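One letter stands for each residue in the lines below.
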Amino acid sequence: MAHRNLLYLLSLKELRTRYKKSVLGWAWSLLNPISQMLIFTIIFTYVFGQNPLAGDPSGLKNFPLYFLCGLLPWNFFAITTSTAMGNVQNGAGLIKKVTFPHEHLVFSVVVAQFVTLLIETIILFVALTLAGQTPLVWLPILLVLYGLWALFTTGVALALSAANVFFHDVQYLWSIVSQLLFYATPVIYFIPLIKLDALRNVANYGPTGSFIVAFHDVLYDGRMPSIARVGYLAVLAAFTLAAGAWIFGKLSPRFAEQM
Amino acid sequence: MAGDIALSVDHLVKSFRIHQQKTNSLKQLIAARGRNRYDDFVAVDDVTFDVREGEVFGIIGQNGSGKSTLLKCMAGILQPNSGTVQVFRRMGALLELGAGFHPELTGRENIFLNAAILGMGRREIALRFDEIVDFSGLHTFIDQPVKTYSSGMYVRLAFAVAINVDPQLLIVDEILAVGDVSFQRRCLEKFVEFRSEGRTIVLVTHDMGSVKNLCDRAIWLEHGKAIDEGDPADLVEAYTERMLGGAAPAADGSVRRGSGEIRITEVEMFTQGDPTPVKRCRTSDSIVLRLHYQAEKTVPQPVIGIEIQSLGGATVTAPNTRDVGMVPPNMSGTGVVDITIPRVDLLPGTYDLHTSITDFNRAYVYDHVQLALRFDVMTGKPYETGGLVTMRPQWSLS
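Residues numbered from 1 in each chain as written. Chains lettered and ligands numbered in written order. Predicted model: local features only at pLDDT ≥ 70, side-chain atom pairs only at ≥ 80, totals over all residues. Heavy atoms only, no water.

**Digging into the overall build of chain A**
Phase 1: Regarding its fold elements, chain A presents 11 helices and zero strands.
Phase 2: Along chain A, from the amino end to the carboxyl end, the secondary structure elements read α-α-α-α-α-α-α-α-α-α-α.
Phase 3: For chain A, the spread of C-alpha atoms along the three principal axes comes to 55 × 45 × 35 Å.
Phase 4: A total of 259 residues make up chain A; the buried ones form 51% of that total.
Phase 5: Sequence separation of 24 or more characterises 77% of the internal contacts of chain A that already satisfy a separation of 6 or more.
Phase 6: On chain A, roughly 11800 Å² of surface is accessible, and the fraction owed to carbon and sulfur atoms is 70%.
Phase 7: Both charge centroids of chain A, one from 15 positive and one from 9 negative side chains, sit 8 Å from each other. (Helix = DSSP H or I, 4+ residues; strand = E, 2+ residues; numbered from the N terminus. Buried < 20%, exposed > 50% of the residue type's maximum accessible area, 1.4 Å probe, protein only. Contact = heavy atoms within 4.5 Å. Areas by Shrake-Rupley, 256 points an atom, 1.4 Å probe, with all protein chains shown as cover. Lys, Arg positive; Asp, Glu negative; His and termini not counted. Charge placed at Lys NZ, Arg CZ, Asp CG, Glu CD.)

As structure tokens, then:
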């Protein structure tokens, strides 16, 4: 009871303090993916002279919307994992002086970022509707997928932030690894256009790629992802969360001493 | 329920690995692989005690004796290497006030957040919110971000939250020494209220006075071991003796500590303009206390103070130059400080004079001489048989 309250208030703190001193405030969280989307659109359209593939069966043929469908969940993952590491590290003062469940420092970031993702997704829905799509039909399955994605992200964030207390290299290493992951994930390209089989498999079935593919299925193509994929994602999310929770649980009693 | 155990510490051992080099990066770990030497430092060594329901339990010991480590183990912040801590009551640990305050959030938001960190539910906080604000006395600032608060306001708010968490077992580390005098008194009142409500308190402090006055029982830690346990008055006496004994008393029985940049070399007492120093005076005499000082180097803003104590240990008076706004920008060389006391209000008895020279914040001690002068007050006018000082009462009987 008391701990649920703590999670709620910590998440609220995350949301409230993030843009406290900035003029545009919350608009920043929207401007970030929009600017990324514009950059990719310009590069792919005018530098590489590419055309987007049409969504099947939606028939949607639009770079900006394709990018946004992958970028929003990707950013959720990337920002949550890196912020969670910082949040646990900055929580040293608290961890050394007060007894409380340390994992809430991670959970609160996940919750706050998830709220951000949902708000961004509302904007994406408006844009998709304007482009003639009916995204609302897919809302229930999208929420299930988002939920699995959040569990997967939580697992990664737990493992990383616990390890980072012991070795600060983890955060620097992760900024490189997450960049590699970004390119291994079909956010800015279409899987059918990949020339190399091995790379296509990585993009399609890699831990992050397999999620993004499902998001594209639902949002861009307007179709149900295969049951096999949803099952795979559920197993992936459950396994990652369990592993992350186990690592965090093992290490967190030693946080106060290590910090 | 008096007599029940509120907290039980059983053969608790906590040691830390002191690495020659702290490895916080992978490179260091790999580079030092196998060669990373460390020593085990035993901070708490096989300590066992029970705290009974409703008692105030003191933990005394020098800095580095393991008090804080023991407290952190009790609070569940550190994991003991062996032994157990069992807590049978709702525990609140006040190891640091305002841990977790966020400067950008308002006082109101921080109250909710901080109380939640300390383990309160939302409804509970809402119920106590007014009480917390009342106690802090910060009504007009409660919707301002706490970064605009002065440090005093910050501490007041933090204490107000902490004390309202309503623990049945309160663990306190030195925090009664914060805030201004009136706030300290309010804290002490709250403390006494807690005690009279039959709650259990575990107190770590350097203030031997509060151990003697507040505690029912105490434990004395030295180098991580519990070397004595029992009646706080006896323990404090033994402890004080040991602490001062360590400082090697001089031939005249005085004990000196401090960094020594400036020292009080001699203390003399004169009465009524008599040029020969004396060691006795009478009630109502006019006396001059002359402190001779010698500075090794220039000392900025030294605060000179004296303390007069009865043989029974009661401090009768303890004036210093900061209280009267007479702190020189710096002092060097040798010289004297004269303290004129126009009328001694002490009643007959033997008194001890201690001197001190500290920095402006009274935190850094240049020189402290315990028992710099012992003097006797003899019968003068008025004469009273009880007490230490006379307030020159005017009686009228009708």
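**A look at the packing of aromatic side chains**
Phase 1: Summed over the entire model, instances satisfying the criterion amount to 33 aromatic pairs over all chains.
Phase 2: Measuring from centroid to centroid gives 6.2 Å for Phe190 of chain A and Tyr220 of chain A, while their planes differ by 55 degrees, and the two rings are tilted. Of the two residues, Phe190 of chain A sits in the loop between α7 (169-184) and α8 (197-205) while Tyr220 of chain A sits in helix α9 (residues 209-221), which places them 30 residues apart along the sequence.
Phase 3: Arranged with centres 5.3 Å apart and planes meeting at 75 degrees, the rings of Tyr364 of chain B and Tyr366 of chain B form a pair that is edge-to-face.
Phase 4: Sitting over the face of the ring of Phe194 of chain B, Arg199 of chain B holds its NZ or CZ atom 4.4 Å from the ring centroid. (Phe/Tyr/Trp six-rings, centres within 6.5 Å; stacked < 30°, edge-to-face > 60°. Lys NZ or Arg CZ within 6 Å of the ring centre and 35° of its normal.)

**Let's talk about α9 of chain A**
Phase 1: Counted residue by residue, α9 of chain A has 13 buried out of 13 residues, so it is predominantly covered.
Phase 2: In the segment just after α9 of chain A, Gly222 of chain A is the residue with positive phi, at about 70 degrees.

**What about empty space enclosed by the protein?**
Residue and element names in this part refer to chain B.
Phase 1: Inspection of every chain in the model, using the stated rule, returns one cavity of 30 Å³ or more.
Phase 2: In this structure, the largest cavity spans a volume of roughly 90 Å³.
Phase 3: If you go around the largest cavity, you meet 13 residues; those closest to its centre are Glu96, Leu97, Gly98, Asn114 and Leu118.
Phase 4: Grouping the amino acids of the lining of the largest cavity by side-chain chemistry returns nine nonpolar, two polar and two charged. (1 Å grid on protein atoms, 1.4 Å probe; cavity = no way out; pocket = protein on both sides within 12 Å on 5 of 7 lines; lining within 4 Å. Points joined across faces, edges and corners; volume = space filled by probe spheres on them. Nonpolar A, V, L, I, M, F, W, Y, C, P; charged D, E, K, R; others polar.)

**Concerning the pattern of salt bridges**
Phase 1: Summed over the entire model, instances satisfying the criterion amount to 19 salt bridges over all chains.
Phase 2: Here Asp45 of chain B makes a salt bridge to Lys225 of chain B, at a shortest N to O gap of 2.8 Å. With Asp45 of chain B in strand β2 (residues 38-52) and Lys225 of chain B in strand β9 (residues 225-230), this residue pair connects regions lying 180 residues apart in the sequence.
Phase 3: You can call Lys225 of chain B partly exposed: its relative accessible area is 44%.
Phase 4: Taking the shortest distance from any N to any O, the salt bridge between Glu53 of chain B and Arg89 of chain B comes out at 2.5 Å. Highlighted residues: Glu53 of chain B in the loop between β2 and β3 (56-60) and Arg89 of chain B in the loop between β4 (82-87) and β5 (91-94), separated in sequence by 36 residues. As far as burial versus exposure is concerned, Glu53 of chain B and Arg89 of chain B are alike and both buried.
Phase 5: Here the salt bridges do not stand alone but share partners, grouping Asp56, Asp217, Asp221 and Arg223 of chain A into one network. (Salt bridge = Lys/Arg side-chain N within 4 Å of Asp/Glu carboxyl O.)

**Let's talk about the packing of helix α2 (residues 27-47) of chain A against helix α3 (residues 63-90) of chain A**
Residue and element names in this part refer to chain A.
Phase 1: Remark: α2 packs on α3, axes separated minimally by 9 Å, with the N-to-C direction vectors making an angle of 135 degrees. Here α2 lies oblique to α3, going by the angle between them. Here the hand of the crossing between α2 and α3 comes out right-handed. Of the residues in α3, those in contact with Pro33, Gln36, Met37, Phe40, Thr41, Phe44 and Thr45 of α2 are Phe63, Pro64, Phe67, Leu68, Leu71, Leu72 and Asn75.
Phase 2: A per-class count over the contact of α2 with α3 returns 10 nonpolar, four polar and no charged. (Axes fitted to C-alpha atoms, helices over the stretch in contact; angles between N-to-C directions. Parallel < 35°, antiparallel > 145°, perpendicular 65-115°, else oblique. Left-handed = near helix turned anticlockwise from the far one by under 90°.)

**Some words on the sheet that holds strand β8 (residues 217-222) of chain B**
All names here are of chain B.
Phase 1: One open sheet accounts for six strands, arranged β5-β6-β7-β3-β8-β9; its pairing is mixed. Since the sheet does not close on itself, it has two edges, and those belong to β5 and β9, each with one partner. Ignoring strand direction, the axes of neighbouring strands in this sheet form an average angle of 15 degrees.
Phase 2: Bridge count for β5 against strand β6 (residues 169-173) is four bridges, and the pairing is parallel. Residue Ala93 lies in a different strand from β6, and its bridge partner there is Ile171. (Pairing = 2+ DSSP bridges.)

**A closer look at the sheet that holds strand β11 (residues 262-271) of chain B**
Residue and element names in this part refer to chain B.
Phase 1: With antiparallel pairing, three strands are arranged side by side in an open sheet as β11-β13-β18. Because the sheet does not close on itself, it has two edges, and the strands there are β11 and β18 (334-341). Recorded for the sheet is a direction-independent mean angle of 20 degrees between the axes of neighbouring strands.
Phase 2: Of the strand pairs in this sheet, strand β13 (residues 287-295) and β18 are connected by eight bridges, and their pairing is antiparallel. Bridging across to β18, Ile287 finds its partner in Ile341.

**Looking at the interface of chain B and chain A**
Phase 1: Tallying the contact residues gives 35 residues for chain B and 30 residues for chain A.
Phase 2: Between chain B and chain A, the buried area comes to about 2800 Å², and carbon and sulfur atoms account for 61% of it.
Phase 3: Joining chain B to chain A, the criterion identifies one salt bridge.
Phase 4: Measuring nitrogen to oxygen at the nearest pair gives 2.6 Å for the salt bridge that ties Glu257 of chain A to Lys14 of chain B.
Phase 5: Our count for the chain B to chain A interface comes out at four residue pairs in polar contact (both at pLDDT 80 or more).
Phase 6: When residues of the side of chain B that touches chain A are traced back to their parent elements, those giving at least two are β1 (5-19), α1 (26-31), α3 (107-117) and α4 (122-136) of chain B. (Buried area = accessible area lost by both parts, 1.4 Å probe. Polar contact = N/O pair within 3.5 Å; in protein donor to acceptor, adjacent residues only side chain to side chain.)

**Structural notes on a negative patch on the surface**
Residue and element names in this part refer to chain B.
Phase 1: A contiguous patch of negative charge on the surface is contributed by Asp228, Asp231, Asp234, Glu237 and Glu241.
Phase 2: When residues in the negative patch are grouped by element, the largest group, three residues, is from helix α8 (residues 232-245).
Phase 3: Here Asp231 shows up in the loop between β9 and α8.
Phase 4: Looking at Asp231, the relative accessible area reads 41%, which means it is partly exposed. (Patch = residues over 30% accessible without salt bridge, like charges linked within 9 Å, V, L, I, M, F, W, Y side chains within 5 Å.)

**Brief notes about helix α5 (residues 104-130) of chain A**
Phase 1: Here α5 of chain A contains 27 residues, and its C-alpha end-to-end distance of 39 Å stays within 8% of the 39 Å for a straight helix at 1.5 Å per residue.
Phase 2: At the C-terminal side of α5 of chain A, Gly132 of chain A shows a positive phi close to 90 degrees. (Expected span 1.5 Å × (residues − 1).)

**Side note on a nonpolar patch on the surface**
Phase 1: On the surface, Trp26, Val111, Val115 and Ile119 of chain A cluster together into a nonpolar patch covering about 280 Å² of accessible area.
Phase 2: By secondary structure assignment, the location of Val111 of chain A is in helix α5.

**Details of the side chain of Glu14 of chain A**
All names here are of chain A.
Phase 1: Among the secondary structure elements, Glu14 is positioned in helix α1 (residues 2-18).
Phase 2: Buried and unpaired, Glu14 has Lys13 as its nearest opposite-charge partner, separated by 4.3 Å.
Phase 3: Aside from chain neighbours lying at most four places away, what touches Glu14 is Thr83, Asn87, Ser108, Val109 and Ala112.

**A look at the packing of helix α6 (residues 139-166) of chain A against helix α10 (residues 227-251) of chain A**
All names here are of chain A.
Phase 1: Look at α6 against α10: their axes get within 8 Å of each other, and the N-to-C directions meet at 25 degrees. Here α6 is positioned roughly parallel relative to α10, judged by the angle of their axes. You can see that α6 and α10 cross each other, and the crossing is left-handed.
Phase 2: Of the residues belonging to the contact of α6 with α10, the class tally is 20 nonpolar, five polar and no charged.

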